[in-house]
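Structural characterization, general
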Amino acid sequence: MAACANTILLDFKVESSSLTQDGFNKLEMEVIEGLEKHFGVNSMEKLMVKTLSSEGDHLSVFMGPQQSVINLRTFSNGLVSIIIDYLKEGDEEPLLTTLDGKALELALGKLGKDMKSVTLPPIKRGTPFDIYFPLSDGRLVEYDVDKLIYDEKSPFQRVQIMHSKTFGNMLVLDGLPNLAESDLVYTESIMCRGTEDYKDKEILILGGGDGALLNELRKENPKQIDEMVMKICKEHLRSACGDTLDSYIGKNYQIIVGDCIKYMEKCVFQGKKFDYVISDLTDLPISETPQGKMWELIRKVIRMSFSVLNDTGKFLQHGTGISCTNQLAMFEGVVGELEIPLSFTRTHAFVPSFLEDWVFYQIQRKAA
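- The name an unreviewed UniProt entry gives the chain is PABS domain-containing protein, with Orchesella dallaii as the organism.
- Database annotation for the chain, UniProt heading Sequence similarities (unreviewed entry): "Belongs to the spermidine/spermine synthase family."

And the structure:
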């Protein structure tokens, strides 16, 4: 990887009553001596020191090896935070290895309460491409991305193909992992493979621009599939979509690039009905209440889908991560409040590149 800024985070706790000026001076001396020992240097230059409050809030800044900057900060509750910033060139040895960090934990932990300390792996900033992505509940994860293959902005979103050592090529839309070559389980889960019988059925896919869902459904010998495609990934996600996206019209499918709502309105006008509508559109929104444009879109998609489904037809949709309990409950509330009497079941599966358990819904009309 090219040069990037590394940020190393360490913290431990001391008795808050010890953070007087003299107590901080003693702590500062012990911490810096410990760092100098691990860095193999005799002395580090103090750039500044400041008492932020009389209640134990102190800050000192030092210059270390490899032009690193070390911030030592104490808080009124006894928390001691050490932040080390430096530039790491490509294959250059890190300022602190994982083993060094563990040894430093032990050394610094002896200064603190109950010998408890934490050293986090370095956060890398200024990398040539993104390596950190949020999970559905906002937690941040570092991916082993080693190559940016494709990066363009469409009229609707930023589209990237990145290569991960673990997951293969990944489709990333607006900074969110969407599908990787490792994620067959996602496709099989949304379509309920092994549970639903698609042979000779009429199927409408909403979204699914990566082509993976269409590719797997073709193997089930359906009668006819129509798909709304927002982005073609036939070149870089071929192991997921096969040759499905090579042609917009196949033996038993047709790909339509356009607005799925308008297409379903056209189907209603023509009296066209489907056995399944599979929505591979947006994730459930992260919000306090089920209000706003995205939630209104979800309601509209469900209503329109049931207007083109036959009486026994099913609407299949992915939800979000299983830890997003509020969003899942809001979605289930939305389904229950629609004017169409609906019932649902839900399943879940661990999706490799999402790094979390993902929820999938199966919705149909309540029996009369």
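Considerations on the pattern of salt bridges
- Counted under the stated rule, the structure contains twelve salt bridges.
- The shortest N-O distance in the salt bridge between Lys46 and Glu28 comes to 2.9 Å. One end of the pair, Lys46, is in strand β2 (residues 45-51); the other, Glu28, is in helix α1 (residues 21-39), with 18 residues separating them in the sequence.
- Here Lys46 falls in the partly exposed class, since its relative accessible area comes to 40%.
- Its relative accessible area of 9% is what places Glu28 among the buried residues.
- The salt bridge partner of Asp85 is Arg125, with a shortest N-O separation of 2.7 Å.

Here we look at helix α8 (residues 325-337)
- Taking 1.5 Å per residue, 13 residues should reach 18 Å; α8 reaches 18 Å between its end C-alpha atoms and fits that length.
- Among the residues making up α8, those that are buried are Gln327, Leu328, Met330, Phe331, Val334 and Val335. All buried residues of α8 lie within an arc of 160° about the axis, which places them on one face of the element. Exposed residues pointing more than 90 degrees away from the buried face of α8 are listed as Thr325, Asn326, Gly336 and Glu337.
- Buried-residue contacts for α8 involve α7 (293-308), β17 (309-321), β18 (342-351) and β19 (356-365).

Focus: the sheet that holds strand β12 (residues 176-180)
- Ordered in space as β9-β10-β11-β12, the four strands form an open sheet in which the pairing is antiparallel. Looking along the sheet, the strands with just one partner apiece sit at the ends: β9 (145-153) and β12. Between one strand axis and the next, the sheet turns by 25° as a mean value, whatever way the strands run.
- Relative to strand β11 (residues 168-173), strand β10 (residues 158-164) is paired through six bridges, and the arrangement is antiparallel. What sits directly across from Met162, in β11, is Met170.

Some thoughts on the nonpolar core
- One finds Leu204, Ile302, Phe306, Phe315, Phe331, Leu342 and Ile363 to be the most contacted residues of the largest nonpolar core, which totals 30 residues.
- Mapped onto this core, the elements with two or more residues apiece are β13 (202-207), α6 (260-270), β16 (274-280), α7, β17, α8 and β19.
- A total of seven residues in this core trace back to one element, the largest contributor, which is α7.
- Contacts of Phe331, omitting those with residues within four sequence positions, involve Leu284, Trp295, Ile298, Ile302, Gln317, Tyr361 and Ile363.
- Membership of the second largest hydrophobic core comes to 22 residues, among which are Ile8, Ile32, Met44 and Leu95.

Observations concerning the UniProt feature "active site" (unreviewed entry) in the chain
- UniProt's feature table lists "active site" (unreviewed entry) at Asp280, given in the numbering used throughout.
- Relative to the elements of secondary structure, Asp280 occurs in strand β16.
- Residue class for Asp280 comes out buried when judged on its relative accessible area of 11%.
- A distance of 2.5 Å separates polar atoms of two side chains, one belonging to Asp280 and the other to Tyr186.

With respect to the pairing of β18
- One ladder, built from ten bridges, connects β18 with β19; its direction is antiparallel. Note that in β19 the partner of Phe350 across the bridge is Asp357.
- From the end of β18 to the start of β19, which pair antiparallel, there are four residues, and Leu355 there has a positive phi angle of about 60°.

Some words on a nonpolar patch on the surface
- On the surface, Leu47, Met48 and Met63 cluster together into a nonpolar patch covering about 230 Å² of accessible area.
- When you line up the elements, Leu47 lands in strand β2.
- The exposure class assigned to Leu47 is partly exposed, which follows from its relative accessible area of 42%.

The rules behind each value
- Residues numbered from 1 in each chain as written.
- Predicted model: local features only at pLDDT ≥ 70, side-chain atom pairs only at ≥ 80, totals over all residues.
- Heavy atoms only, no water.
- UniProt positions renumbered as here; feature names shortened; annotations may be inferred.
- Salt bridge = Lys/Arg side-chain N within 4 Å of Asp/Glu carboxyl O.
- Helix = DSSP H or I, 4+ residues; strand = E, 2+ residues; numbered from the N terminus.
- Buried < 20%, exposed > 50% of the residue type's maximum accessible area, 1.4 Å probe, protein only.
- Expected span 1.5 Å × (residues − 1).
- Arc of directions from axis to C-beta.
- Contact = heavy atoms within 4.5 Å.
- Pairing = 2+ DSSP bridges.
- Axes fitted to C-alpha atoms, helices over the stretch in contact; angles between N-to-C directions.
- Core = buried A, V, L, I, M, F, W, Y, C linked by side-chain atoms within 4.5 Å.
- Polar contact = N/O pair within 3.5 Å; in protein donor to acceptor, adjacent residues only side chain to side chain.
- Patch = residues over 30% accessible without salt bridge, like charges linked within 9 Å, V, L, I, M, F, W, Y side chains within 5 Å.
- Areas by Shrake-Rupley, 256 points an atom, 1.4 Å probe, with all protein chains shown as cover.

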